Amino acid sequence: MEQKQKSELTKQLILDESFKLFYQNGFKTTSVDKIMKATNLTKGAFYHHYKSKKDLGLEIISSTLQKRVYDGMITPLYQDGNVLDILESTFSGRLKSFSLFAKKHGCPMNNFINEIADEEEAYQIALKRIIEEWKAALVHLLERGKKENTINKSYSSNAIATYLISSFEGVRGIRKLYNDDQILDEYINGLSLYIDQLKA
């Protein structure tokens with residue numbers, strides 16, 4: 001195996017295992033030592049790729065977390081079809097797709113926001129960028145719905161987008177308190193009622 005390819009595989013291993021540890025145990029409590037134990041790598045391998053745990057955290061936000069949000073919550077908003085159906089299927093479908101592990105541990109992006117976003121501007125900027133791109137995708141979809149006369153033109157697309165993101169992230173956090181999906185089922189029912197109110 002070429003050195004460059006080996007180096008990339010090592011870096012990806014660090015990213016993958018770090019994300020799992022941060023997600024399950026939290027960013028602050030996950031030390032570089034714990035990451036090295038999970039990867040069976042040396043600290044030298046870690047510091048070859050990252051100056052610090054902060055740099056690793058920033059890359060996880062801008063790569064792993066961003067990809068998860070893009071794949072699950074942003075890309076579907078740009079598909080063709082009825083705007084109201086796309087909204088409901090994207091939000092409710094994503095909730096239904098989560099594994100038990102994901103339900104128990106909440107949203108990894110929201111966990112980062114709650115744990116470290118108020119302590120470091122670099123984290124704030126990276127996390128805010130994901131939220132803003134998600135919001136922009138929602139606004140784009142809602143504006144399309146207004147042009148197609150499926151969304152009430154008098155409603156603020158920015159307000160709807162902010163509400164949808166906030167409620168989705170909120171219920172993912174609340175689900176961590178429960179041993180079953182009742183709270184998610186109630187949210188999905190409420191979401192359906194809310195989306196119905198957006199009709200033109």
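## Here's the deal with the overall build of the protein
Okay, so step 1: Each helix and strand counted, the protein has 10 helices and zero strands in total.
Okay, so step 2: Order of helices (α) and strands (β) in the protein, N terminus to C terminus: α-α-α-α-α-α-α-α-α-α.
Okay, so step 3: Considering only C-alpha atoms, the protein reaches an extent of 60 × 35 × 35 Å along its principal axes.
Okay, so step 4: Considering the protein as a whole, with its 200 residues, one finds that 43% of them fall into the buried category.
Okay, so step 5: A separation threshold of at least 6 residues defines the contact pool for the protein, and within that pool the share at least 24 residues apart is 71%.
Okay, so step 6: For the protein, the exposed area adds up to about 10900 Å²; of that, 51% sits on carbon and sulfur atoms.
Okay, so step 7: Measuring between centres, the 28 positive side-chain charges of the protein sit 3 Å from its 26 negative side-chain charges.

## Here's the deal with a nonpolar patch on the surface
Okay, so step 1: Residues Ile 174, Leu 177 and Tyr 178 make up a contiguous nonpolar surface patch of about 320 Å² in total accessible area.
Okay, so step 2: As for its placement among the helices and strands, Ile 174 is situated in helix α9 (residues 157–175).

## A look at helix α4 (residues 53–74)
Okay, so step 1: Approximately 35 degrees is the largest bend angle found in α4, and it occurs at Ile 60.
Okay, so step 2: Here α4 has its buried residues at Lys 53, Leu 56, Gly 57, Ile 60, Ile 61, Leu 65, Val 69, Gly 72, Met 73 and Ile 74.

Procedures and definitions
Residues numbered from 1 in each chain as written. Predicted model: local features only at pLDDT ≥ 70, side-chain atom pairs only at ≥ 80, totals over all residues. Heavy atoms only, no water. Helix = DSSP H or I, 4+ residues; strand = E, 2+ residues; numbered from the N terminus. Buried < 20%, exposed > 50% of the residue type's maximum accessible area, 1.4 Å probe, protein only. Contact = heavy atoms within 4.5 Å. Areas by Shrake-Rupley, 256 points an atom, 1.4 Å probe, with all protein chains shown as cover. Lys, Arg positive; Asp, Glu negative; His and termini not counted. Charge placed at Lys NZ, Arg CZ, Asp CG, Glu CD. Patch = residues over 30% accessible without salt bridge, like charges linked within 9 Å, V, L, I, M, F, W, Y side chains within 5 Å. Salt bridge = Lys/Arg side-chain N within 4 Å of Asp/Glu carboxyl O. Bend = angle between axes of the 7 residues up to and from the residue.

As far as function goes, none of this settles anything; it's purely spatial.
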